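# Report on the structure
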Amino acid sequence: MALRTIRMLGDEILTKHCREVKSMTPRMRELIDDMLETMYHAEGVGLAAPQVGVLRRIVVIDIGDGPLVMVNPVILKTEGEQTGDEGCLSLPGKAGQVTRPNYIQARFFDEDMEECEIEAEELLARAICHEVDHLEGHMYVELVEGEIHDVVYDEDDDETDADDGADAAGGDDANDGADTAH
């Protein structure tokens, strides 16, 4: 496993549509392992392949319940709304208010290319939506209601805001900024 460089807002690769993964090759498994390591190192809750320069439909998410690897994810259904601070590992130190579905149902393949479905609410729903947007060449900044603001971290906390249960694809219900960075 290796840390990969996270691409920043303004990098053209973040505006491109990702290609479907046809089979789970050793290179794809290595990419997934590297994405997880990179996401944890950056203290994020989600990371999409284009954020590390690879135009493949792969996302990794961990909102504190263990890693979720989604290959070729498709959102099938959404319900409700939630509005909260959202951030992104591709725009560190910034966040903005974004409205996302409060509930989603998605279909994806796992690391063994077994088809799976998931129902998610709140932070996990936000994270999945945020990361799937990356696969389509979109970033949360396109959805921000109002201004993007600096994230303020409480230096007395042992944990980062991303561990507070906000955002899952960027940053979320902010505690002093983005609750989650994706």
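Everything below is about the structure printed above this text.
This one's a predicted model, so the numbers in the text were calculated from it and none came from an experiment.

Each value, and the rule that gives it
Residues numbered from 1 in each chain as written. Predicted model: local features only at pLDDT ≥ 70, side-chain atom pairs only at ≥ 80, totals over all residues. Heavy atoms only, no water. Pairing = 2+ DSSP bridges. Helix = DSSP H or I, 4+ residues; strand = E, 2+ residues; numbered from the N terminus. Salt bridge = Lys/Arg side-chain N within 4 Å of Asp/Glu carboxyl O. Buried < 20%, exposed > 50% of the residue type's maximum accessible area, 1.4 Å probe, protein only. Lys, Arg positive; Asp, Glu negative; His and termini not counted. Polar contact = N/O pair within 3.5 Å; in protein donor to acceptor, adjacent residues only side chain to side chain. Contact = heavy atoms within 4.5 Å. Axes fitted to C-alpha atoms, helices over the stretch in contact; angles between N-to-C directions.

### Observations regarding the sheet that holds strand 5 (residues 91-100)
In any sheet, the strands associate via hydrogen bonds between backbone groups, in a parallel or an antiparallel arrangement. An order of 4-5-8 is seen for the 3 strands of this open sheet, with the pairing classed as antiparallel. Pairing within the sheet leaves two strands with one partner each, and these edge strands are strand 4 (82-88) and strand 8 (149-150). Judged from the 7 bridges that link them, strand 4 and strand 5 form a sheet pairing that is antiparallel. Within the sheet, the bridge partner assigned to Gln82 lies in strand 5 and is Arg100.

### Some words on the pattern of salt bridges
A full pass over the atoms with the stated rule returns 12 salt bridges. With its nearest N and O atoms 3.0 Å apart, the salt bridge here joins Arg7 to Asp11. Overall, the relative accessible area of 28% leaves Arg7 in the partly exposed class. Glu86 is the salt-bridge partner of Arg126, the closest N and O atoms lying 2.5 Å from each other. With a gap of 40 residues between them, Arg126 in helix 2 (residues 122-135) and Glu86 in strand 4 connect regions that are remote in the sequence. A relative accessible area of 0% places Arg126 in the buried class.

### Re the side chain of Asp62
Looking at the secondary structure, you find Asp62 in the loop between strand 2 (58-61) and strand 3 (68-79). As a buried residue without a salt bridge, Asp62 has its nearest oppositely charged side chain in Arg126, at a separation of 16 Å. A distance of 3.3 Å separates a polar atom in the side chain of Asp62 from the backbone nitrogen of Asp65. Ignoring any residue separated from it by four or fewer positions in sequence, one finds Asp62 in contact with Met39, Tyr40, Val45 and Pro67.

### Re the pairing of strand 3
Sheet topology note: the strand 2/strand 3 ladder contains 4 bridges and is antiparallel. Across the sheet, residue Ile61 finds its bridge partner in strand 3, namely Leu68. A loop of 6 residues connects strand 2 with strand 3, the two strands running antiparallel in sequence, and Gly64 in this loop sits at a positive phi of about 115°. Relative to strand 6 (residues 103-109), strand 3 runs antiparallel, the two being bridged by 6 bridges. Looking at the pairing, Glu79 lines up with Tyr103 of strand 6.

### Quick look at the environment of Ile118
With respect to the element layout, Ile118 can be found in strand 7 (residues 115-121). Between the C-alpha atom of Ile118 and that of Phe108, which follows or precedes it by 10 residues, the distance is 8.3 Å.

### Examining the environment of Arg19
By the secondary structure assignment, Arg19 is in the segment before helix 1 (26-41). As for Arg19 and Arg56, which are separated by 37 residues in sequence, their C-alpha atoms are 4.8 Å apart. What Arg19 contacts, discounting residues up to four positions off in sequence, is Leu55, Arg56 and Arg57.

### Some words on the sheet that holds strand 2
Ordered by their spatial adjacency, 5 strands build an open sheet running 1-2-3-6-7, and the pairing between neighbours is antiparallel. Of all the strands in the sheet, the pair left with one neighbour each is strand 1 (46-48) and strand 7. Strand-to-strand twist across the sheet, computed as the mean angle between neighbouring axes with direction ignored, equals 40°. Its contacts with the sheet put helix 1 on strand 1, strand 2 and strand 3, and the angle it makes with strand 2 is roughly 35°. Its contacts with the sheet place helix 2 against strand 1, strand 2, strand 3, strand 6 and strand 7, and it is angled at close to 125° to strand 7.

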